[in-house]
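Overview (structure and organization)
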Amino acid sequence: MSEVKKIAVISGDGIGPEVVAEAEKVLKRTEELFGYSFETEHALFGGIAIDQLGTPLPQNTLDICKKADAVLLGAVGGPKWDNNPSDLRPETGLLGIRKELGLFSNLRPAVVFDCLKDASTLKPEVLEGTDLMVVRELTGGIYFGEKFRRQSPNGEEAVDTCSYNVMEVERIVRQAFEIAQKRRKKLASVDKANVLETSRLWREVVNRVAADYPDVELEHVLVDNCAMQLLRRPSSFDVIVTENMFGDILSDEAAMLTGSIGMLSSASMGEGSYGLFEPVHGSAPDIAGQGIANPIATILSLALMFRLTFNYADAADSIEAAVSEVLNAGHRTSDIAVDKSKAISTSQMGDLILAAMKK
Ligand SMILES: NC(=O)c1ccc[n+]([C@@H]2O[C@H](COP(=O)([O-])OP(=O)(O)OC[C@H]3O[C@@H](n4cnc5c(N)ncnc54)[C@H](O)[C@@H]3O)[C@@H](O)[C@H]2O)c1
Ligand SMILES: CC(C)[C@H](C(=O)O)[C@@H](O)C(=O)O
Ligand SMILES: [Mg+2]
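Looking at an unreviewed UniProt entry, one finds the protein named 3-isopropylmalate dehydrogenase and attributed to Paenibacillus crassostreae. Check the Catalytic activity (unreviewed entry) section of the UniProt entry for the protein; it says "(2R,3S)-3-isopropylmalate + NAD(+) = 4-methyl-2-oxopentanoate + CO2 + NADH". Within the UniProt record for the protein, the comment given under Pathway (unreviewed entry) is "Amino-acid biosynthesis; L-leucine biosynthesis; L-leucine from 3-methyl-2-oxobutanoate: step 3/4."

What follows is the structure in structure tokens.
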């Protein structure tokens, strides 16, 4: 019997509980198939925590996450809570959990499944071979800078500040080079160095660190150009490393190469193997409660957890192969279905993936 691994499970709001339930079924199936042992502990976070406990990130939730080996998260937020500025302060909610757990590196792979090329609006020949990874800095930049309001001669003024120091840039850039070394050895560093001082520092650090990774081909791409090139030549990218807000935007754009944001998994990591694993998408209030959300992003996030935190490559491979098999067989949730009348539900998709998992 293998050592029991502890996983903190945060379902969250909206479609969060619907997609996490499917990932938990896959977790159970992994135990049966591979003999691994997991102990899960559920915790409240997000809107549901505000409603029940008056705060989005209760101390008890942080304690449960810190005691665990990894965290599985659905999604949080929704119109009911989004307009309360106190819930959006960096020290609370999603930004708070990322900072508290030291998760400065957000890995967002975007892989185009051949059989899903028809779900994207791009031409199949443009998508051919697309397999990229966005490495997004997650605990710095404008998200965490000082924010305030003040009076100006032209009325009320709002200020957000963006700062990065050398240590913050260097640690994420080194991770990105190391990831690139294990992939196709190409790194695109994305910044806005023609305008922003933080980007000029970013570029200086990237150029210095690059000397330690001579086998990795480096290109610098300005963020506006990158947004365009992602649609023009997506398959030419391997690893993209960028600061917090650019990474947020570019990864949602990359989602549409795959056909749907319901396909995009993510891992938020620090220096070690501890991580928080969640789909890139949010709580999707427009489809919550209907049982139609795509659970694949969350299930693939669990596969990332097996790979990066537990080193259970056999289980991760099994999940990824099962997802491919089910998609190749033509099964689709409505977000990736061309013929929506044939779309299957969230739990039907989860069940098919379970059934396709092999040892
Ligand atoms: N990590 C997170 O928890 C996270 C991430 C992004 C947004 N949010 C929050 O989620 C709320 C809604 O944000 P939003 O609407 O801008 O983004 P969203 O990602 O929730 O939804 C955007 C669109 O994608 C669709 N979609 C998302 N996930 C899907 C899935 N699994 N299957 C099928 N369709 C899917 C939605 O129906 C919607 O049309 C906001 O409160 C936002 O702050 C949370
Ligand atoms: C909800 C929001 C704070 C979050 C972010 O901007 O980081 C989300 O968009 C994401 O991509 O995880
Ligand atoms: Mg986002």
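1. Remarks on the UniProt feature "binding site: substrate" (unreviewed entry) in the protein
In the numbering adopted here, UniProt assigns the feature "binding site: substrate" (unreviewed entry) to Arg98, Arg108, Arg136 and Asp224. The largest pairwise C-alpha distance within this set of annotated residues, which runs over 127 residues, is 26.6 Å, so the set is dispersed in three dimensions. Note that Arg98 resides in helix H6 (residues 93-100). In this structure Arg98 touches Leu103, Leu138, Thr139 and Ser268, once residues within four positions along its chain are discounted. Once residues within four sequence positions are removed from consideration, Arg136 is found in contact with Asn106, Arg108, Thr242, Asn244, Gly247, Asp248 and Ser251.

2. Considering unusual backbone geometry
A positive phi angle, near 60°, is found at Lys185, a position not held by glycine. One can find Lys185 in the loop between helix H8 (166-182) and strand S8 (186-191). The phi dihedral of Asn311 falls on the positive side, at around 60°, and the residue is not glycine. Relative to the assigned elements, Asn311 resides in the loop between helix H12 (296-308) and helix H13 (313-328).

3. Some remarks on the site of ligand 2
In the region of ligand 2, the neighbouring residues are Gly77, Leu94, Asp248, Val280 and Gly282. Here the residues of the shell around ligand 2 are counted per class, giving 2 nonpolar, 2 polar and 1 charged.

4. Observations concerning the nonpolar core
As a rule of thumb, soluble globular proteins bury nonpolar side chains together. Counting residues in each nonpolar core, the largest one holds 96 residues, and the members touching the most others are Val71, Leu72, Ile240, Ile299 and Leu302. It is H12 that provides the largest number of residues to this core, a total of 9 residues. When residues of this core are assigned to domains, at least three fall in each of domain 1 (1-103 + 260-359) and domain 2 (121-258). With residues near it in sequence (within four places) discarded, Ile240 still touches Leu132, Val134, Val135, Ala188, Val190 and Leu250.

5. Examining the site of ligand 1
Taken together, 22 residues form the shell around ligand 1, and within it Gly77, Gly262, His281, Gly282 and Asn294 come nearest. The residue inventory of the shell around ligand 1, partitioned by class, reads 11 nonpolar, 7 polar and 4 charged.

6. Comments concerning the sheet that holds strand S12 (residues 275-279)
Hydrogen bonds between backbone atoms are what pair the strands of a sheet, whose relative direction is either parallel or antiparallel. Judged by pairing direction, the sheet is mixed, and its 10 strands sit side by side in the order S2-S1-S3-S12-S11-S4-S5-S10-S8-S9 without closing on themselves. At either end of the open sheet lies a strand with only one pairing partner, and these are strand S2 (37-42) and strand S9 (217-222). Here the strands of the sheet are splayed against their neighbours by 25° on average, with no regard to which way each runs. The pairing of strand S1 (residues 4-12) with S2 spans 6 bridges and is parallel. Each bridged residue has a counterpart across the sheet, and for Ile7 the counterpart in S2 is Thr40. Most of the contacts of H12 go to S12, to which it runs at about 160°, and overall it touches strand S3 (70-75), strand S11 (265-269) and S12.

The rules behind the values
Residues numbered from 1 in each chain as written. Chains lettered and ligands numbered in written order. Predicted model: local features only at pLDDT ≥ 70, side-chain atom pairs only at ≥ 80, totals over all residues. UniProt positions renumbered as here; feature names shortened; annotations may be inferred. Helix = DSSP H or I, 4+ residues; strand = E, 2+ residues; numbered from the N terminus. Contact = placed C-beta atoms within 7 Å. Near = placed C-beta within 6 Å. Nonpolar A, V, L, I, M, F, W, Y, C, P; charged D, E, K, R; others polar. Core = buried A, V, L, I, M, F, W, Y, C linked by C-beta atoms within 7 Å. Buried ≥ 20, exposed ≤ 12 C-beta atoms within 10 Å, placed from the backbone. Domains from an automatic or database assignment. Pairing = 2+ DSSP bridges. Axes fitted to C-alpha atoms, helices over the stretch in contact; angles between N-to-C directions.

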